[in-house]
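Fold and geometry: a report
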Amino acid sequence: MSNKMLEIRWHGRGGQGVVLASRFMASSAIRENLYFQAFPFFGPERLGAPVVAFTRISNEPINLHCAIEEPDVVVVLDPSLLGVVKVTQNLKASGTSVVNHAGIPQDLKNGTQRRVFAVDADRISREELGRVMPNTPMVGALVKAVGLIGLESVFSEFEEQFSQRFKPELIRQNLNAIRRAYEEVREV
Amino acid sequence: MKLLTRKVVGLTGDGAAAEAMRQIDPDVVAAYPITPQTEIVEKFAEYVAGGLVNTEFICVESEHSAISACCGSSAAGARTVTATSSQGLALMHEMLYIAAANRLPIVMINVNRALSAPLNIHNDQSDTFGSRDAGWIQLYCENVQEVYDTTIQGIRIAEHPEVQLPVMVCLDGFILSHSMERLELLSDAEVKDFIGAFRPRTNLLDFDKPITLGAAAMPEYYFEHRFAQSYALDRALERVVAVDQEFGAKFARSYGVVEAYRMDDAELAVVTLGSLAGTTKFVVDRFREEGVKAGSLKIKLFRPFPIEAVAAALKNVKAAAVLEKAISPGAPGPALFSDVLGALYHQGVKASLISYVAGLGGRDVPPKSITRIYNHLQQIAETGRIGRILNYLDLRGWQ
């Protein structure tokens, strides 16, 4: 919307932790003294059904209270959505896509200057967490792609938020997944 | 059970309301869960189970029972809080009038949601507008910070000896209730200190000063009772102002009963409330960047209606629109529009005023739609002709 505000749209499937990721990314912005909003698209919620959530991050208080119409960034947590949902709809011409994908995702540029980043978050989460849970590594990939928030901020926010809910082992595994996605994400 | 130890946090609107309730630590909470208020009751039930509050939490079988239990506990001198939404508020309807008429300072958090039918869980303000004549103080919140602050202020307002009236704190369903935003919390001690102890002037359990509540009044006295209640509600306005100012002096956040945004030299204004006020400010900033003298007016306090403040803010505009998420079938205009019109008439202010109903049942109201309202106002200001008074934003088939 303006240079000062970053608007992110998240695509995933019910059960993949899309809303959690949208909120976690937002609250990590506390560490950078930024303002934020995170909210789901309030449709019928079913396991496996396509889900959309939004995150706004800004260096000043956010007045807007409506859906994000033209996101700066779209994050796709599930590669199987690419043929099903038009994930780049209304993405800004200068926008960025960050996709969970093992190979080279189908053309998301549509002849534009948009940037596309891909990372195999399924494999990373399988190796680090022992199951496919792409939401935390995708935060790592997103942070690398947009640069607004430091990896250290993400780490400390994760520990702060989840240290009482998760065992130290699970915290470490998630932080590894985030770090690996940050390092392994590549621009297509 | 994890306590929030930081001052700056990310919480949803429901989470912020629940956190304020934990810090308030009411004597009694009686509530029934309903979407999109559910997280408030869930969180608060966790606080009760975890021993973080001393509250007597009454699990009830319906909202009618919830507000009935609240009336009883408040009459017995207990600080009482509840939360509901939409159909739940509608089910409370008869008891709302009784709570206000018996001067019971209950605080209710209402998460604004559309009323059936058709069944809809999403946001509009039909529910609390439907309770506007019940005699409660109604405050609307623009963002999550305001939800938190207003819940705390609500206790002080309701319990003030010269107010002694129930307060509704209204927040938009999903848009605020399920949206996580950055906000700054007060410490438990700051909240405790600000709200103080509840010292009811009378209570049913004070056997040295026995009183009767809920008696019948025949035609000889009913009218005077009702007038006294209405008078008390009107007088509450200055207390709402005073509590907000004290809050502002202590914690550097203050909201007023209305907020005039870039209104000093404004020629065009949109009057609205709740989260719509935020999106409207965004649109105002864009018009200002283009040199258009646009402003907006947020109604924070809907009951008692701040007649003078509204008229004063609008007295110099060329054209204004009232934007609201509720419809009043068969009325000359929707509720907020009619109130603003009434306020202008009271104060002898003539303005070209139109109405826009928008966003019913959760339909998104984006900046581009609000932009069209300002474009409409520009037209009215240029031509001096009002044209159609009642308008509907983004409604299929409406031209």
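Quick notes on the rules
Residues numbered from 1 in each chain as written. Chains lettered and ligands numbered in written order. Predicted model: local features only at pLDDT ≥ 70, side-chain atom pairs only at ≥ 80, totals over all residues. Heavy atoms only, no water. Helix = DSSP H or I, 4+ residues; strand = E, 2+ residues; numbered from the N terminus. Rg over C-alpha atoms; globule rule 2.2 N^0.38 Å. Buried < 20%, exposed > 50% of the residue type's maximum accessible area, 1.4 Å probe, protein only. Contact = heavy atoms within 4.5 Å. Areas by Shrake-Rupley, 256 points an atom, 1.4 Å probe, with all protein chains shown as cover. Lys, Arg positive; Asp, Glu negative; His and termini not counted. Charge placed at Lys NZ, Arg CZ, Asp CG, Glu CD. Core = buried A, V, L, I, M, F, W, Y, C linked by side-chain atoms within 4.5 Å. Pairing = 2+ DSSP bridges. Axes fitted to C-alpha atoms, helices over the stretch in contact; angles between N-to-C directions. Disulfide = S-S within 2.5 Å. Domains from an automatic or database assignment. Buried area = accessible area lost by both parts, 1.4 Å probe. Salt bridge = Lys/Arg side-chain N within 4 Å of Asp/Glu carboxyl O. Nonpolar A, V, L, I, M, F, W, Y, C, P; charged D, E, K, R; others polar. Right-handed = clockwise from strand over helix to strand, strands pointing away. Polar contact = N/O pair within 3.5 Å; in protein donor to acceptor, adjacent residues only side chain to side chain.

Along chain A, the regular secondary structure elements total five helices and seven strands. Reading chain A from its N terminus to its C terminus gives the helix and strand order β-α-β-β-β-β-β-α-α-α-α-β. Relative to a compact globule of 188 residues, whose C-alpha radius of gyration would be 16 Å, chain A shows 15 Å and is just as compact. Once the C-alpha set of chain A is aligned to its principal axes, its extents read approximately 45 × 40 × 35 Å.

Helices and strands together make up the secondary structure of chain B, namely 13 helices and 15 strands. Whereas a compact globule of 399 residues would reach a radius of gyration of roughly 21 Å, chain B reaches 21 Å, a difference of no more than 12%. Each principal axis of the C-alpha atoms in chain B carries an extent, and together these give about 70 × 55 × 45 Å. Counting over 399 residues, chain B shows a buried share of 57%. Here the analysis covers contacts within chain B between residues at least 6 apart in sequence; of these, 80% occur between residues at least 24 apart. Summed over all atoms, the accessible surface of chain B reaches about 16,200 Å², with 53% contributed by carbon and sulfur. When the 38 positive and 46 negative side-chain charges of chain B are each reduced to one mean point, those points stand 5 Å apart.

The tendency in soluble globular proteins is for nonpolar side chains to be buried side by side. Residue and element names in this part refer to chain B. Judged by nonpolar contacts, the single largest core of 52 residues is most densely connected at Ile109, Ile137, Tyr148, Ile152, Ile157, Val167 and Leu183. Sequence-distant contacts of isoleucine 152, that is, excluding residues within four places in its chain, are made with Ala20, Gln23, Ile24, Leu186, Val191, Phe194, Ile195 and Phe247. Within the second largest apolar cluster, 48 residues are counted, among which are Val258, Ile299, Ala335 and Leu353.

It is worth spelling out the sheet that holds strand 15 (residues 390-392) of chain B at this point. Residues and elements named next belong to chain B. The strand order across the open sheet built from six strands is 9-11-10-13-14-15, with neighbouring strands paired in mixed fashion. Of all the strands in the sheet, the pair left with one neighbour each is strand 9 (258-261) and strand 15. Looking at each pair of strands side by side, their axes are set apart by 20 degrees on average, direction ignored. Note: strand 13 (residues 319-324) against strand 14 (residues 352-357), six bridges, orientation parallel. Bridged to alanine 319 within strand 14 is serine 352. Across the sheet, helix 10 (residues 276-289) lies against strand 9, strand 10 (268-272), strand 11 (294-299) and strand 13, angled at about 165 degrees from strand 11, the strand it touches most. Contacting strand 9, strand 10, strand 11 and strand 13, helix 11 (residues 307-314) runs over the sheet at an angle of about 175 degrees to strand 11.

Scanning all chains against the criterion turns up zero disulfides over all chains. No disulfide involves cysteine 66 of chain A; its sulfur sits 19 Å from that of cysteine 141 of chain B, the nearest cysteine. Judged by relative accessible area, which is 5%, cysteine 66 of chain A ranks as buried.

This part is about the domain arrangement of chain B. Residue and element names in this part refer to chain B. Structurally, chain B comprises domain 1 (8-185 + 218-251) and domain 2 (259-392). A straight line from the C-alpha centre of domain 1 to that of domain 2 covers 26 Å. In this assembly, 26 residues from domain 1 lie in contact with 27 residues from domain 2. Taken as a group, Phe129, Arg132 and Glu142 account for 32% of the area that domain 1 buries against domain 2, more than any other trio of residues on that side. Put simply, domain 1 and domain 2 have four salt bridges between them. Residue assignment for the side of domain 1 that touches domain 2 shows that the elements contributing at least two residues are helix 6 (126-129), strand 6 (137-140), helix 7 (144-159) and helix 9 (222-251).

The geometry of a pair of packed helices is captured by two quantities: the angle between their axes and the separation between those axes. Residues and elements named next belong to chain B. One can describe the packing of helix 7 onto helix 8 (residues 188-195) by two numbers: an axis separation of 9 Å at closest approach and a directional angle of 35 degrees. Across the interface between the two elements, Tyr148, Ile152, Gln153, Ile155 and Arg156 from helix 7 touch Val191, Phe194 and Ile195 from helix 8. When grouped by side-chain class, the residues that make up the contact of helix 7 with helix 8 number six nonpolar, one polar and one charged.

Once that is clear, we can look at the pairing of strand 7 (residues 167-172) of chain B. Residues and elements named next belong to chain B. The element strand 7 is largely enclosed, with a buried count of six among its six residues. Of the two faces of strand 7, the one lined by Val167, Val169 and Leu171 and the one lined by Met168, Cys170 and Asp172 are each fully buried. Direction of pairing for strand 5 (residues 107-112) relative to strand 7: parallel, over a ladder of six bridges. By the bridge assignment for strand 7, asparagine 110 is matched with cysteine 170. One ladder, built from four bridges, connects strand 6 with strand 7; its direction is parallel. Its bridge partner lying in strand 7, tyrosine 140 is registered against cysteine 170. The β-α-β motif built from strand 6, the intervening helix 7 and the parallel element strand 7 has right-handed crossover chirality.

Listed per partner, the contact involves 25 residues of chain A and 30 residues of chain B. Both faces considered, chain A and chain B share a buried interface measuring about 2,300 Å² in area, 55% of it formed by carbon and sulfur atoms. Summed over the three residues of chain A that lose the most area to chain B, namely Phe42, Asn63 and His65 of chain A, the buried surface amounts to 30% of that side. In this assembly, chain A and chain B are joined by one salt bridge. The partner of glutamate 69 of chain A in a salt bridge is lysine 368 of chain B, and the shortest N-O contact between them spans 3.0 Å. Linking chain A to chain B there are eleven residue pairs in polar contact (both at pLDDT 80 or more).

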